[in-house]
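Geometric and topological summary
These are the residues of each chain, in order.
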Amino acid sequence: MADKPIYYGSGKSSPMYYGSGRSSPMYYGGKKPAYYGGGAYGSSAYGGAYGGAYGGTGGGGNDEGSVVGTITIGRMLRVVSQRWLSVFVFLLVGLIVAFAIYRISPTIYEATSEFTMDMRRSSGSRGHSALSEATPDYGNTYAEIFNTRISDWRSDKVITKVVQQYRAGHPSSTVSDEEIISTLAGSELDLVRNSRIITISLRSKTPALCAALANAYAEAIESFTDEENKLRCDKAVAQIHGNVEKKRREVDKIAKQLLDFRTANKVDNLRSSRDTVSQGLSKTTGDILALETEETQLVEWEKMLAAVQKDPSSYGNLSTGVPRAQEIAAEFRAYQDAEGQYQRLLFSFTDSHPEVITAKKALELAKRRFLDAAARALLTGRSTLRVTRNQLENLRQKQDDLRNELASIEQRIVLAESGLGQLEAEFGVANRVLEGLIMDENKARIEAESNNEIVRVGRPAGVPSKPVLPNPTLIFGAGVALSIILGIVFVLIVDNLEDTVVNLADIEGRLSLKVLAILPHVRRKKREEVARFIINDKYSQFSESVAGLRNLLDSPRYEALSHCMLIISTQPGEGKTITSCSLAIAYAQAGRRTLHVDFDLRRPRLARIWELDITKERSFSHVLQAAGTEKPDFKALVNPTPVPGLDVIASIAPDGVSPSTIFGSASVSDFFEWARANYDHVIVDSPPFGVVGDVVSLAVMVDSVIIMCCPDRTHFKPIQYCSRSLTEAGANIIGAVVNDIEVSSAGAFTPHSHGHGYHKYGYGYGYGYGYGYGYRPKDKDEEGDQKDQKGKKRKVRGKKGQPEEAEAPTSPETGAAPAERREREAENGDSASPSSSSNRGFADGE
């Protein structure tokens, strides 16, 4: 880094303006105490001051102490669009982790069985204290009952029943009890909403095992509930059951006495004989009635058959009970057929016709056969009638004997039961009382059962075919979502820790500062060239940007605040001095009497920029130091410049000067009073805001304050602290100037709105003059190294991560590389238009 300007001190012996390794006094670095370089604004003191004053190393948002910073949609979109690759890497890592989890996760199956639960409440239990005490109160809704009973269903007793139920249904299973209990431990019992259905879900690596255990669980709960119901019912009817048993014993005692009496008096034998005789008499009477009916039928049949023999045509249909009824019917049909045939032939022929004669013979034959059949049936019927009448005679005799015997037995029974009536009456009463108690017991048991819960297995669990875990949708979805969230959080943290201004949205949104102008990057090797750039090149983009800032400050909105302005920055290298010089030149070119004052008393640079050779007698800092109570002659300090209308008041190195004493003196107020009276515009170049309080003293004396911002260089915390401190002190901050914007074309200056509420623009690093807060001339070796670059720009990170560039050689006459200048003019045409339109756009946007 031979071409790097050294502003704070160096260990080399080469000549330096503001610090070196020589033994001579130094103001900005070196071995002896210095104001900025060694102990005040150096890397340790300056960074430490910001670390203490601004709350740490930084943060990307307004939330102090937040690692992520302020989270807004606009910021998230910006950060993700800038660091999408990091989010994409997180996404890839999340997908890989999700895939690994999916591959190593065990395959789990789930089976679900169902059972129904019914709890009925009967109002009858209110009248029975025993029932009320025995009936538990599980709640009024099924949800309350379920939540109350679930602890019982998960008890060790039920788990033991499940194991027994499973063993009974799967005797050949080799699954250990420990594995079964472990599987049951992960079971879930849920009540289906707005129903009485309860589901049992079990998960296991074996699908058949989880289905079998789910079914066994439901069956075990049903068995457990039935047992509880039985015990509860027995408890509820225990008192009534005791009364039943007591009365039953009394009934048994009376029954025994009755039995003994009957045995002693043989009453039972007599009653048995009576029953037997009664049954025999009933049977005999029935047989007599049946035979009498049969006798009547046989007499009627005999009369009918006798009439048929006399006149065959009187035959009608006989009952099937008539002897030979079918035979007679067949012969009669044959007789009728023969007679019909004969009558048809007789209608067609005469009696002497052969066919008629033949039919007549057939008719006579059929008639004889019919009469013979009727005669045989008559004989059979008469024989049957005689047998029936004999049987009736015998049965009537037997009936008389049974009646006599029954009467004798009845008489004996009456005599024996005369002493048995009392015992039977007592037995009847006791038995009726017992029946009433049994009925009461049954009613009480039914009442108790109606208050029990009824559990029945509903839909059994089937063997699952698809696993529930691992769930690829859940795993990969969670992996993608979590990785994206972590990626966004990561880029937000990185953005927050970087703590640098990136775009206009950061300035206008997060810093709440108006952007007054955007100054493009100018390719120069020396600070002096950049500071005086717009003198020689009035139509460049940089010149037009400065002119646009001047026009904005001349507008009615800012005209009253642009008489005396203070240009400040929060750290060295942000272009504060260059901007103040350029703005002063722009006012002078517009015909205004302008005074440019160097109030950076610790490191004055305007004398070097304008090549002024001044002594202590004309040094602004020395004059203010020596003034005391007398009012200095400020007019004698004015130095004219090549720009008409622009005067400069400068200082030399502050040897023996105490800037803190000067800023607290009345001479500073006198100076501003003199400057306002003699100039149209007063542009004040101040020291950086930070460790010293010079800026606060100056800010309350001027009309307005402009803060410099450099993208990728200005930090949020310092500029926020600066804005807050100056505002609290009474300063009027009108906005910020964005400096050092790298553009490839004029269109890059125009802000674009895409509905996200922030501007997009291009920018690059460094003016070439802005990365140190001071300047030293290059030695010959360093200048040779710069010339060897041949227009190539290289970026180097210093200790604080700030880029430094080695620029291409430029033309002293035009202030830009000749080829690059010609190409830019050819592309832009009228170079003034884009820059001015850019500045007007920001002004209107405010």
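Our structure is the block above this text.
Presented here is an overview of the structure given in this document. Remember, predicted model here, so these are calculated numbers, not experimental data.

Glancing now at the sheet that holds strand β7 (residues 594-598). Spatially, β5-β12-β11-β6-β10-β7-β9-β8 is the arrangement adopted by the eight strands of the open sheet, whose pairing is mixed. Looking at the sheet topology across the chains shown, the edges are occupied by β5 (515-520) and β8 (639-640). The sheet contact formed by β7 and strand β10 (residues 681-685) spans five bridges and is parallel. By the bridge assignment for β10, H596 is matched with I683.

Attention now moves to the sheet that holds strand β2 (residues 188-191). Read from one edge to the other, the open sheet built from four strands follows the order β2-β3-β1-β4, with strand pairing classed as antiparallel. Looking along the sheet, the strands with just one partner apiece sit at the ends: β2 and β4 (453-457). Between one strand axis and the next, the sheet turns by 25 degrees as a mean value, whatever way the strands run. Bridge count for strand β1 (residues 109-119) against strand β3 (residues 197-204) is eight bridges, and the pairing is antiparallel. Paired with Y109 across the strands is S204, a residue of β3.

The tally for this structure, following the rule as stated, stands at 29 salt bridges. Through salt bridges with shared partners, a single ionic network connects R149, D152, E228 and R232.

Before going further, it helps to examine the nonpolar core. One finds F599, F620, F671 and L726 to be the most contacted residues of the largest nonpolar core, which totals 49 residues. In terms of residue count, the dominant contributor to this core is helix α23 (residues 666-678) (five residues). Not counting residues within four places of it along the chain, the set of residues in contact with F620 comprises V597, D598, F599, L601, F634, L637, I649, A650, S651 and F671. Judged by nonpolar contacts, the second largest core, of 38 residues, contains L553, A586, L606 and A650.

Attention now moves to the pairing of β5. Most of β5 is tucked away, with six of its six residues classed as buried. Here β5 pairs with strand β12 (residues 733-741) via four bridges, running parallel. Pairing of P520 across the sheet is with I741, part of β12.

Time to look at the packing of helix α2 (residues 73-82) against helix α14 (residues 472-498). Relative placement of two packed helices is described by the angle separating their axes and the distance separating the axes. Contact pair α2 / α14: the axes reach a minimum separation of 10 Å and the direction vectors enclose 95 degrees. Classified by the interaxial angle, the pair formed by α2 and α14 is roughly perpendicular. Of the residues in α14, those touching α2 at R75, M76, R78, V79 and V80 are I488, V491, L492, D495 and N496. Here the contact of α2 with α14 is composed, by residue class, of six nonpolar, one polar and three charged.

A word on a nonpolar patch on the surface. Together, W84, L85, F88, V89, L92, V93, L95, V97 and I101 give the surface a local cluster of nonpolar side chains, amounting to about 790 Å² of exposed area. Within the secondary structure, L85 sits in helix α3 (residues 84-104).

Turning our eyes to something else, we now look at the packing of aromatic side chains. A complete count under the given rule lists 18 aromatic pairs for this structure. Their ring planes at 50 degrees and their centres at 4.8 Å tell us that F620 and F671 sit as a pair that is tilted. Of this pair, F620 sits in helix α21 (residues 620-627) while F671 is found in helix α23, placing the two residues 51 residues apart along the sequence. Taken together, a centroid distance of 5.8 Å and an interplanar angle of 50 degrees make the contact between F689 and Y721 tilted.

Tracing the sequence through the fold places T296 in helix α10 (residues 267-310). The spatial distance from the C-alpha of T296 to the C-alpha of L385 is 9.1 Å, given a sequence separation of 89 residues.

Reading guide: rules and limits
- Residues numbered from 1 in each chain as written.
- Predicted model: local features only at pLDDT ≥ 70, side-chain atom pairs only at ≥ 80, totals over all residues.
- Heavy atoms only, no water.
- Pairing = 2+ DSSP bridges.
- Helix = DSSP H or I, 4+ residues; strand = E, 2+ residues; numbered from the N terminus.
- Axes fitted to C-alpha atoms, helices over the stretch in contact; angles between N-to-C directions.
- Salt bridge = Lys/Arg side-chain N within 4 Å of Asp/Glu carboxyl O.
- Core = buried A, V, L, I, M, F, W, Y, C linked by side-chain atoms within 4.5 Å.
- Buried < 20%, exposed > 50% of the residue type's maximum accessible area, 1.4 Å probe, protein only.
- Contact = heavy atoms within 4.5 Å.
- Parallel < 35°, antiparallel > 145°, perpendicular 65-115°, else oblique.
- Nonpolar A, V, L, I, M, F, W, Y, C, P; charged D, E, K, R; others polar.
- Patch = residues over 30% accessible without salt bridge, like charges linked within 9 Å, V, L, I, M, F, W, Y side chains within 5 Å.
- Areas by Shrake-Rupley, 256 points an atom, 1.4 Å probe, with all protein chains shown as cover.
- Phe/Tyr/Trp six-rings, centres within 6.5 Å; stacked < 30°, edge-to-face > 60°.

Interpretation note: all reported values are geometric properties and have no functional meaning in isolation.
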